[in-house]
There are 2 protein chains.
Amino acid sequence: MNISAASKASGLPVKTVRYYADIGLVQAPSRSEAGYRTYDNASVRKLVFIRRSREFGFTIEECRELLGLYQDQDRTSAEVKRIASKRLEEIEEKQRELQSLHDELAHLVTSCRGDHRPDCPIIDYLG
Amino acid sequence: MNISAASKASGLPVKTVRYYADIGLVQAPSRSEAGYRTYDNASVRKLVFIRRSREFGFTIEECRELLGLYQDQDRTSAEVKRIASKRLEEIEEKQRELQSLHDELAHLVTSCRGDHRPDCPIIDYLG
DNA sequence: TCTTGACCTTCCAGTTACTGGAGAGATTAG
DNA sequence: CTAATCTCTCCAGTAACTGGAAGGTCAAGA
């Protein structure tokens, strides 16, 4: 499999596939005689694993940890759960932030007439 | 006012106050004989305006626009409302994303026993 | 007067996780 | 044989700062 096939199979852009090997997140792939990267199904599975982890918002370093656990037959589910719970708390924290931001901004937007005149509660609030 | 006083008064780090002038978001402040930046109340008000706008998640470019409107006596509230509504929609979009992420991850975390064994629905889901 | 410590300056580099593009070699279809 | 498509490496840019080094300035106290 050349890189574009691995890209399609994994759902990651070609550039990103290269990048993940550059930073050592995945093993550097073997090369063809011409120097082309070649991928097998196992590599693609790891790339998919990373893509899904990234979609959950895990950082690259967390993906590194998770991938390590994925490949470790002696892992404990406690370790995985710890990392996932941490991410879950971050998500919840972000949700709380966004909620209060939303409420405040929604209130301002509602109370702004949005006409040709300069009076504006949004500007007043910010200034 | 020297930069650290302006920093305290505006609630922005010293580095950020300098940065905002470097990128032309605010006017370059006047300098003392020794080359120290000097700030007045009007500058501080603008910095506060930017800080609040940033807290709402407006980008620097949006802050530039908003600050322009803030200082424009001939602005229309419609223009301000347009920018704020756009941001509000982004927040709502992000909230929806986070909500589905949250639900999925919370479900996985709940169903993971988190013990010493390797079996883990989180890892299974990612892989 | 000297010194110490807190400020201030500029400039450069690093952060996160990619993404875009240039220039050049390889491969494949027609 | 040629044109299109891949692939390679390397460099730079993104957003919005943040950290740190090297060095100048200022005010207070001994």
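Everything below is about the structure printed above this text.
Residues numbered from 1 in each chain as written. Chains lettered and ligands numbered in written order. Predicted model: local features only at pLDDT ≥ 70, side-chain atom pairs only at ≥ 80, totals over all residues. Heavy atoms only, no water.

**Some words on the overall build of chain A**
On a plain count of helices and strands, chain A comes out with 6 helices and 2 strands. Of the regular secondary structure in chain A, the N- to C-terminal order runs α-α-β-β-α-α-α-α. Overall, chain A is about 70 × 40 × 20 Å in size when its C-alpha atoms are taken along their principal axes. With 127 residues in all, chain A has 39% of them scored as buried. Long-range pairs, those at least 24 residues apart, make up 47% of the contacts in chain A with a sequence separation of at least 6. When the accessible surface of chain A is summed, it comes to about 7,100 Å², and 49% of that surface belongs to carbon and sulfur atoms. Each charge class in chain A was averaged separately, 20 positive and 20 negative side chains, and the resulting centres sit 8 Å apart. (Helix = DSSP H or I, 4+ residues; strand = E, 2+ residues; numbered from the N terminus. Buried < 20%, exposed > 50% of the residue type's maximum accessible area, 1.4 Å probe, protein only. Contact = heavy atoms within 4.5 Å. Areas by Shrake-Rupley, 256 points an atom, 1.4 Å probe, with all protein chains shown as cover. Lys, Arg positive; Asp, Glu negative; His and termini not counted. Charge placed at Lys NZ, Arg CZ, Asp CG, Glu CD.)

**Notes on the protein's contact with DNA strand C**
Contacts to DNA strand C come from 19 residues, most closely from Lys15, Tyr20, Tyr36 and Arg54 of chain A together with Arg37 of chain B. The protein-proximal atoms of DNA strand C, defined as those within 4 Å of the protein, are 69% sugar or phosphate. Contact between DNA strand C and Arg31 of chain B: a phosphate oxygen at 3.1 Å from a side-chain N or O atom of the residue. Counting only elements with at least two residues in the surface near DNA strand C, the list comes to α2 (14–22) of chain A together with α1 (3–10) and α2 (14–22) of chain B. (Near = heavy atom within 4 Å. Polar contact = N/O pair within 3.5 Å; in protein donor to acceptor, adjacent residues only side chain to side chain.)

**Some thoughts on the pattern of salt bridges**
All names here are of chain A. In this structure the tally under the stated criterion is 22 salt bridges over all chains. Of the charged contacts in the structure, one is a salt bridge between Glu62 and Lys86, with a shortest N-O distance of 2.6 Å. Of the two residues, Glu62 sits in helix α4 (residues 60–70) while Lys86 sits in helix α5 (residues 77–111), which places them 24 residues apart along the sequence. Across the pair Glu93 and Arg96 runs a salt bridge whose closest N-O atoms are separated by 2.9 Å. (Salt bridge = Lys/Arg side-chain N within 4 Å of Asp/Glu carboxyl O.)

**So, the relation of the copies chain B and chain A**
Least-squares fitting of chain B to chain A yields an RMSD of 0.1 Å, with the superposition described by an axial translation of 0.0 Å and a rotation of 180°. Taken together, the rotation and translation describe the operation of a two-fold axis. For chain B, the smallest separation between a C-alpha atom and the rotation axis is recorded for Gln95 of chain B, amounting to 3.4 Å. Most of the interface of chain B is mirrored in chain A, where 100% of its interface residues are also at the interface. (Least-squares fit on C-alpha atoms with pLDDT ≥ 70 in both.)

**Overview of the protein's contact with DNA strand D**
Taken together, 19 residues form the shell around DNA strand D, and within it Ser4 and Arg37 of chain A together with Lys15, Tyr20 and Tyr36 of chain B come nearest. Each atom of DNA strand D within 4 Å of the protein was assigned to sugar, phosphate or base; sugar and phosphate come to 69%. A distance of 3.1 Å separates a phosphate oxygen of DNA strand D from a polar side-chain atom of Arg31 of chain A. Arg37 of chain A is positioned such that a nitrogen or oxygen atom in its side chain is 2.6 Å from a phosphate oxygen of DNA strand D. Where the surface near DNA strand D is concerned, the elements lending two or more residues are α1 (3–10) and α2 of chain A together with α2 of chain B. Ranked by residues supplied to the surface near DNA strand D, first place goes to α2 of chain B with 4 residues.

**Thoughts on the interface of chain B and chain A**
With 47 residues of chain B at the contact, the number on the chain A side is 47 residues. When chain B packs against chain A, close to 4,300 Å² is buried across both sides, 71% of that on carbon and sulfur atoms. When the buried surface of chain B facing chain A is broken down by residue, Phe56, Ile123 and Leu126 of chain B rank first, second and third, together holding 17% of it. The tally of links between chain B and chain A comes to 0 salt bridges. (Buried area = accessible area lost by both parts, 1.4 Å probe.)

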